[in-house]
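# Chains, contacts and geometry: an overview
Listed below are the residues making up each chain.
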Amino acid sequence: MAKNYSSKINKIRTFALSLIFIGFIIMYVGIYFKQHPWVMTIFMMLGFLAIIGSTVVYFWIGMLSTKAVQVQCPNCGKVTKVLGRVDMCMYCNEPLTLDPNLEGEEFNEDYNKKK
């Protein structure tokens, strides 16, 4: 089992969540510049853009998630979504593949890259 990997959908959702927190932190830093309205406004706008970026990423992964192939994980038995040729189960991190040529091979994310 590959411990260092997680499902692509979960990675993208984690990135979007981190954008929200980064946006709040940027906005919070802007509060320290109350005496300089322009600097405070720039920080507030940058934080707002990070939060809007998160919304766009969440929307994009939601649309991508609706097109993902649903498979039943052989390890935990739960239904999970697979993006690309290889992916991990969202629940138990079991390597999954839709390509019969890759069955039994060591998990490698490079299988998803186009040559």
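The structure displayed is predicted, hence computed values, not measured ones.

Looking only at helices and strands, one finds 2 helices and 4 strands in the chain. Residue burial in the chain is summarised as follows: out of 115 residues, 28% are buried. Looking at the chain alone, contacts between residues at least 24 apart form 44% of all its contacts between residues at least 6 apart. Of the roughly 8100 Å² of accessible surface on the chain, 64% is carried by carbon and sulfur atoms.

This part is about the UniProt feature "transmembrane region" (unreviewed entry) in the chain. The positions UniProt marks with the feature "transmembrane region" (unreviewed entry) are residues 12–33 and 39–61. Taken end to end, residues 12–33 is 91% helix and 0% strand, and its first and last C-alpha atoms sit 32 Å apart. The straight-line gap between the two end C-alpha atoms of residues 39–61 is 33 Å; of that span, 100% is helix and 0% is strand.

For the rest of this paragraph, the subject is the nonpolar core. With 9 residues, the main nonpolar core is built from I9, I12, A16, L19, V57, I61, A68, L83 and M90. Going through the elements one at a time, α1 (8–31) and α2 (37–67) are the ones with two or more residues in this core. V71, V82, C89 and C92 belong to the second-largest nonpolar core, a separate cluster that totals 6 residues.

Another aspect to go through is the packing of α1 against α2. Between α1 and α2, whose axes approach to 7 Å, the crossing angle comes to 165°. Looking at the two axes, α1 sits roughly antiparallel to α2. In terms of crossing hand, the pair formed by α1 and α2 is left-handed. In terms of residue class, the contact of α1 with α2 is built from 23 nonpolar, 6 polar and 1 charged.

The rules behind the values
Throughout, residues of each chain are indexed from 1 in the direction in which the sequence is written. Reporting in this predicted model follows two pLDDT cut-offs: at least 70 for local features of residues, and 80 or more for side-chain atom pairs to be given and counted; totals over whole chains, interfaces and linings ignore these cut-offs and use all residues. Hydrogens and water are ignored here; the side-chain numbers use all heavy atoms of the structure. Helix and strand definitions here come from DSSP, where helices need a minimum of 4 consecutive H or I residues and strands a minimum of 2 consecutive E residues; each element is numbered from the N-terminal end. Remark: exposure states derive from per-residue accessible area (1.4 Å probe, protein chains only) relative to the maximum for the residue type, with buried under 20%, exposed over 50%, and partly exposed in between. Throughout, a residue-residue contact means that at least one pair of heavy atoms, one from each residue, lies within 4.5 Å. Only the protein chains shown count as cover for residues, and all accessible areas are computed by the Shrake-Rupley method using a 1.4 Å probe. UniProt positions are given in the numbering used here, feature names are shortened, and annotations may be inferred rather than shown by experiment. Among buried residues, the Ala, Val, Leu, Ile, Met, Phe, Trp, Tyr and Cys ones that are joined through side-chain atoms within 4.5 Å form a nonpolar core. Helix axes are fitted only over the stretch in contact, all axes being lines through C-alpha atoms; the angle between N-to-C directions runs from 0 to 180 degrees. Comment on the angle field: the value is read as roughly parallel under 35 degrees, roughly antiparallel over 145, roughly perpendicular from 65 to 115, and oblique elsewhere. Here a crossing is taken to be left-handed if its near helix is turned anticlockwise relative to the far helix by less than a right angle, and right-handed if that turn runs clockwise. Ten residue types, Ala, Val, Leu, Ile, Met, Phe, Trp, Tyr, Cys and Pro, are classed as nonpolar, four, Asp, Glu, Lys and Arg, as charged, and the remainder, Gly among them, as polar.

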